[in-house]
Amino acid sequence: MFCARMSIESILITDGNATAVEGLKATIALNFGGQSHIRAEELRWDRTIDLPSSLASQFDIIIVADCLFLKQYHEDLIHVASQAMVQDGVMYIMAPKRGDSLDTFVEKARSTFEVDVSSEWE
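Only a predicted model underlies this, so the values are computations on that prediction, with no experimental measurement involved.

A. Up close: the environment of threonine 112. If you trace the backbone, threonine 112 turns up in the segment after α3 (101-109). In this structure threonine 112 comes out as partly exposed when scored by relative accessible area, which is 42%. Non-local contacts of threonine 112, meaning those with residues more than four positions away in its chain, are made with Ile78 and Ser82.

The structure is reproduced here in structure tokens:
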């Protein structure tokens, strides 16, 4: 929700769970009323499909939070993000170190993206 306070043209918040998306929509309505530049949609990561044109190459910034713990979805996330981002887009991922899932994701992501890992936050 911090992006809503910035000068950003459009914000799309996604989750793969329909119930979670309904909660996101309620949160948006409660906090921002009818601001049409913020919306929530269900989006399942799937490496076997192409994104619809409404999502393909549309995003300058993708923010991912705490989504790397299930390694079987790493390649799906990479596929979806690579389709969704514009050419010079940036993806920020906030993730704890759970076993080797973060390191495994970083290694896979390097085949598609330029990756910089930082553990220092201010």
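B. Spotlight on α3. Buried within α3 are the following residues: Ser101, Leu102, Thr104, Phe105, Val106 and Ala109. At its buried positions, α3 is contacted by α2 (74-84) and β4 (85-94).

C. Representation of the pattern of salt bridges within the structure. Enumeration according to the criterion identifies eight salt bridges in this entry. For the salt bridge of aspartate 66 with arginine 98, the shortest nitrogen-to-oxygen distance reads 2.8 Å. Here aspartate 66, found in the loop between β3 (59-65) and α2, pairs with arginine 98, found in the loop between β4 and α3; they are 32 residues apart in sequence, far enough to count as distant. The network of salt bridges with common partners includes Arg47, Glu75 and Asp76.

D. Examining the nonpolar core more closely. Leu51, Leu55, Phe59, Ile62, Met91, Phe105 and Phe113 are the most contacted members of the largest nonpolar core, which has 20 residues in total. With five residues, α2 is the largest single contributor of residues to this core. Among the nonpolar cores identified, the runner-up in size contains six residues, and Ile11, Val21, Phe32 and Ile38 belong to it.

E. Summary view of the environment of aspartate 88. If you trace the backbone, aspartate 88 turns up in strand β4. Judged by its relative accessible area of 70%, aspartate 88 falls in the exposed class. Considering only alpha carbons, one finds aspartate 88 and valine 21, 67 residues apart in sequence, at a separation of 28 Å.

F. A look at the pairing of β3. Sheet topology places β3 next to β4; six bridges connect them, and they run parallel. Of the residues in β4, the one forming a bridge with isoleucine 61 is valine 90. Taken together, β3, α2 and β4 form a β-α-β motif whose crossover is right-handed.

G. Fine view of the environment of tyrosine 73. Turning to its location among the elements, tyrosine 73 is positioned in the loop between β3 and α2. On a C-alpha basis, the gap between tyrosine 73 and threonine 27 in space is 26 Å, while along the polypeptide they are 46 residues apart.

H. How the structure looks around the side chain of aspartate 76. On the secondary structure map, aspartate 76 appears in helix α2. Exposure remark for aspartate 76: the relative accessible area of 6% places this residue in the buried category. Setting aside anything within four residues of it in sequence, one finds aspartate 76 in contact with Trp45, Asp46 and Arg47.

I. Spotlight on a nonpolar patch on the surface. Taken together, the side chains of Ile61, Ile63, Val90 and Tyr92 make up a nonpolar region of the molecular surface, amounting to roughly 350 Å² of accessible area. Counting residues per element, the ones that place at least two in the nonpolar patch are β3 and β4. For valine 90, the position within the fold is in strand β4. Under the relative-accessibility criterion, valine 90 is labelled partly exposed at 34%.

Calculation notes
- Residues numbered from 1 in each chain as written.
- Predicted model: local features only at pLDDT ≥ 70, side-chain atom pairs only at ≥ 80, totals over all residues.
- Heavy atoms only, no water.
- Helix = DSSP H or I, 4+ residues; strand = E, 2+ residues; numbered from the N terminus.
- Buried < 20%, exposed > 50% of the residue type's maximum accessible area, 1.4 Å probe, protein only.
- Contact = heavy atoms within 4.5 Å.
- Salt bridge = Lys/Arg side-chain N within 4 Å of Asp/Glu carboxyl O.
- Core = buried A, V, L, I, M, F, W, Y, C linked by side-chain atoms within 4.5 Å.
- Pairing = 2+ DSSP bridges.
- Right-handed = clockwise from strand over helix to strand, strands pointing away.
- Patch = residues over 30% accessible without salt bridge, like charges linked within 9 Å, V, L, I, M, F, W, Y side chains within 5 Å.
- Areas by Shrake-Rupley, 256 points an atom, 1.4 Å probe, with all protein chains shown as cover.

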